[in-house]
Amino acid sequence: MNSAYERLLGLLHSLHLIHSVQGHLGWDEQVNLPSGSAGFRAEQMAEMARLAHEAASKPELGEALAELETDMAALTEDQRIVVREARRDYDRVVRVPADFVTAKARHSSAAFHAWAQAREARDFAAYAPFIERHIELAKEEADLQGWGDRPYDYAVDLHDPGFSAERISALFAELKSGLVPLVQAIEAKAGDSVSALKGFPVDAQRTFLSEVTARLGFDYHHGRMDVALHPFCEGSGLDVRMTTRFHEDEPLDSLFSSIHETGHGLYAQGLSAEHQATALGHHVGMAVHESQSRMWENQVGRSRALWRFFEPRYRELFGPQLEGISTEELYREINAVRPTMIRVDSDEVHYNLHIILRFEIEQALFSGALAVKDLPEAWNCKCEELLGRRPAHDGAGVLQDVHWSGGAFGYFPSYCLGNMIAAQNWAKARAVLPGLDDDFAQGDFSRLLDWTRREIHDLGKRYETLELVERVTGEPLSPQPLLDYLRERYGEIYL
Ligand code: ZN
């Protein structure tokens, strides 16, 4: 029995190493790649994808699993979890023929370029056939996986196991009914404003965000922060790669996207290094990942308490830029509510409405209630309904996100579910860790980080998201803590 388990571990470890190399190649592509080398990198990535598929579908892997499954009672509880999750992954890989994987990868690559051009030209019609094809492929894949009657649920389950569109709809409906009036009330009070933060030298921005992210607990001996067009975080705990971007006139964009990615990085570094090849050292799903990044970015990063500690240093680095801006004005700038049609630029109050819009549209696309050609109009109408205004053009509307070009349907809900989980965890953390504000004001974030390590990171993928939330907070997942948090923080400023 043991030897089958050891064989399984060896095969999973090898697969994990291949995946980590793929991740770093992808990171390098966005951070370092010389402009003339894209074709060669595409070839390298394709070969790595082939190797990964081969390693993930090895008959030896299936044989080891089958052998272990003949006597699960002989395994420890942790070993059973490893086998259960490895079985799920293995079945998903072998149910899809290699030809299908290649066809989908090829289509994604073509669709990405078509999307980038269409966005630039604001020409949705040129991109529409690529989305249509992606929906066909997604349905075909769901069918191969035995989810033919629920293709959108399959897409959701890929990112957040245990969720369904129905479950998410119920959560989002409750969120929406609380959020829309809150947003309207805040907008009525906030009025129009523009940021007063201009001309922040990039070198000093880099210094400040390194100090902040290290102080939050990110281990720079096992990770780094570089510059890329879009912020992201990839890698496992032994080597985490994060990126940010800098604009002199948008210093808070690079700072908060860095803190966001640091939240992802802290989760990666908190997962068991010893078990990183198996479910015991694997994250739970995208919503939980996002809950970690969001909590550090928003609940912690935008708090008065954190800024009590960091503001003097911020002023030391940016004296001239902050001259005439009071502590209160800086805090309001950090928590500014300014409506935008662009999801990634959205403030915390509006953000979830952008996600609800996408979720409703994706469901309609999959059910056939909405044809791809009618997407722009449907998008604009939903914008008007949820955000009170229409985008000026499709580049700032239906063409703004990269996700669909890669066939990543069912991904958007994770962002909003992550916000809900973040707020629910945060409420629990504050209840069980009194005095967190005092910690933060002294630059000490260790009690909160340790709590997330113990309650979430150490568990790996032992529980699915909904079960984990209930274990951590003692309550089923609910949008209420998020609504309470938004009302508390933004109500204090605006209402
Ligand atoms: Zn994120």
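Details of the structure are given in the entry above.
Participant: Before we go on, may I ask you to explain helix H21 (residues 480–494) in this structure?
Facilitator: It helps to recall that an α-helix has 3.6 residues per turn; residues three or four apart then point in one direction. The first and last C-alpha atoms of H21 sit 20 Å apart over 15 residues, in line with the 21 Å expected at 1.5 Å per residue. Within H21, burial applies to Pro 481, Leu 482, Leu 483, Tyr 485, Leu 486, Arg 489, Tyr 490, Gly 491, Ile 493 and Tyr 494. Buried positions along H21 lie against helix H8 (165–190), helix H11 (286–300), helix H14 (327–334), helix H15 (348–367) and helix H17 (412–432).

Participant: Help me understand the coordination of the zinc ion, please; the structure alone is not making it clear to me.
Facilitator: Expected angles at a metal are 109.5 degrees for tetrahedral coordination by four donors and either 90 or 180 degrees for octahedral coordination by six donors. At the metal site, the zinc ion is ligated by His 260 (NE2), His 264 (NE2), Glu 290 (OE) and Glu 290 (OE), and these contacts range over 2.1 to 2.8 Å. Coordination at the zinc ion comes from four donor atoms whose angles at the metal span 49 to 123 degrees, giving a geometry best classed as irregular. Going along the chain, you hit the donors of the zinc ion in the pattern H-x3-H-x25-E. Note that His 260 is positioned in helix H10 (residues 251–270) and Glu 290 in helix H11, a separation of 30 residues in sequence.

Participant: Help me out: how do you make sense of the nonpolar core in this one?
Facilitator: Here is a general trend for soluble globular proteins: nonpolar side chains tend to be buried in one another's company. Counting residues in each nonpolar core, the largest one holds 116 residues, and the members touching the most others are Phe 172, Trp 296, Trp 307, Leu 375, Trp 404 and Leu 448. By residue number, the principal contributor to this core is H15, which donates 11 residues. Each of domain 1 (2–145) and domain 2 (165–494) gives at least three residues to this core. Beyond its immediate sequence surroundings of up to four residues, Trp 404 is in contact with Tyr 127, Ile 131, His 134, Ile 361, Glu 362, Leu 375, Trp 379, Val 398, Phe 409 and Phe 412. Core analysis: the next-biggest nonpolar cluster, separate from the first, contains 17 residues, Leu 11, Leu 61, Ala 86 and Tyr 90 among them.

Participant: I would appreciate a short explanation of the environment of Val 300 in the present structure.
Facilitator: Locating Val 300 in the fold gives a position in helix H11. For Val 300, the contacting residues outside a window of four places in its chain are Met 295, Leu 306, Trp 426, Phe 440, Phe 445 and Leu 448.

Participant: When you look at a negative patch on the surface in this model, what are you seeing that I'm missing?
Facilitator: The grouping of Glu 248, Asp 249, Glu 250 and Asp 345 at the surface amounts to a negative patch. Checked against the element boundaries, Asp 249 lands in the loop between strand S3 (239–244) and H10.

Participant: I tried to follow the pattern of salt bridges on my own but got confused; where do I start?
Facilitator: Note that side chains of opposite charge can pair when their charged atoms are close. What the rule picks out here adds up to 43 salt bridges. Put simply, Asp 226 and Arg 224 hold a salt bridge, and the shortest N to O gap is 2.8 Å. Residue Asp 226 is classed as buried on the basis of its relative accessible area of 14%. Residue Arg 224 is classed as partly exposed on the basis of its relative accessible area, which comes to 41%. With a shortest N-O distance of 3.7 Å, Arg 294 and Glu 297 are connected by a salt bridge. Of this pair, Arg 294 and Glu 297 are both found in helix H11, three residues apart, which corresponds to roughly one turn of the helix. Grouping residues by exposure puts Arg 294 and Glu 297 together as buried.

Participant: How should I be thinking about the sheet that holds strand S1 (residues 223–227) in this particular structure?
Facilitator: Picture the strands of a sheet paired through backbone hydrogen bonds; they go either parallel or antiparallel. Strand order in the open sheet formed by three strands is S1-S3-S2, and the pairing between neighbours is mixed. Edge positions in the sheet fall to S1 and strand S2 (233–236), since each of these pairs with one other strand and no more. When strand polarity is set aside, the average angle formed by the axes of neighbouring strands in this sheet is 15 degrees. Relative to S3, S1 runs parallel, the two being bridged by five bridges. Note that in S3 the partner of Arg 224 across the bridge is Arg 241. Contacts from H10 reach S1, S2 and S3, with the element oriented near 165 degrees to S3.

Participant: Explain the packing of helix H3 (residues 59–69) against helix H4 (residues 77–94) to me, please; I cannot follow it from the model alone.
Facilitator: To describe two helices that pack against each other, one gives the angle between their axes and the distance between the axes. Remark: H3 packs on H4, axes separated minimally by 10 Å, with the N-to-C direction vectors making an angle of 140 degrees. When the axis of H3 is compared with that of H4, the two are oblique. Crossing hand, H3 versus H4: left-handed. Contacts between H3 and H4 involve Pro 59, Leu 61, Gly 62, Leu 65, Ala 66, Leu 68 and Glu 69 from the former and Val 83, Ala 86, Arg 87 and Tyr 90 from the latter. Looking at side-chain class alone, the contact of H3 with H4 contains eight nonpolar, one polar and two charged residues.

Conventions adopted
- Residues numbered from 1 in each chain as written.
- Predicted model: local features only at pLDDT ≥ 70, side-chain atom pairs only at ≥ 80, totals over all residues.
- Heavy atoms only, no water.
- Helix = DSSP H or I, 4+ residues; strand = E, 2+ residues; numbered from the N terminus.
- Expected span 1.5 Å × (residues − 1).
- Buried < 20%, exposed > 50% of the residue type's maximum accessible area, 1.4 Å probe, protein only.
- Contact = heavy atoms within 4.5 Å.
- Donors = N, O, S within 2.8 Å, 3.2 Å for Na, K, Ca; no water.
- Tetrahedral: all angles 85-135°; square planar, octahedral: opposite > 155°, others 65-115°.
- Core = buried A, V, L, I, M, F, W, Y, C linked by side-chain atoms within 4.5 Å.
- Domains from an automatic or database assignment.
- Patch = residues over 30% accessible without salt bridge, like charges linked within 9 Å, V, L, I, M, F, W, Y side chains within 5 Å.
- Areas by Shrake-Rupley, 256 points an atom, 1.4 Å probe, with all protein chains shown as cover.
- Salt bridge = Lys/Arg side-chain N within 4 Å of Asp/Glu carboxyl O.
- Lys, Arg positive; Asp, Glu negative; His and termini not counted.
- Charge placed at Lys NZ, Arg CZ, Asp CG, Glu CD.
- Pairing = 2+ DSSP bridges.
- Axes fitted to C-alpha atoms, helices over the stretch in contact; angles between N-to-C directions.
- Parallel < 35°, antiparallel > 145°, perpendicular 65-115°, else oblique.
- Left-handed = near helix turned anticlockwise from the far one by under 90°.
- Nonpolar A, V, L, I, M, F, W, Y, C, P; charged D, E, K, R; others polar.

None of this, on its own, says anything about what the molecule does.
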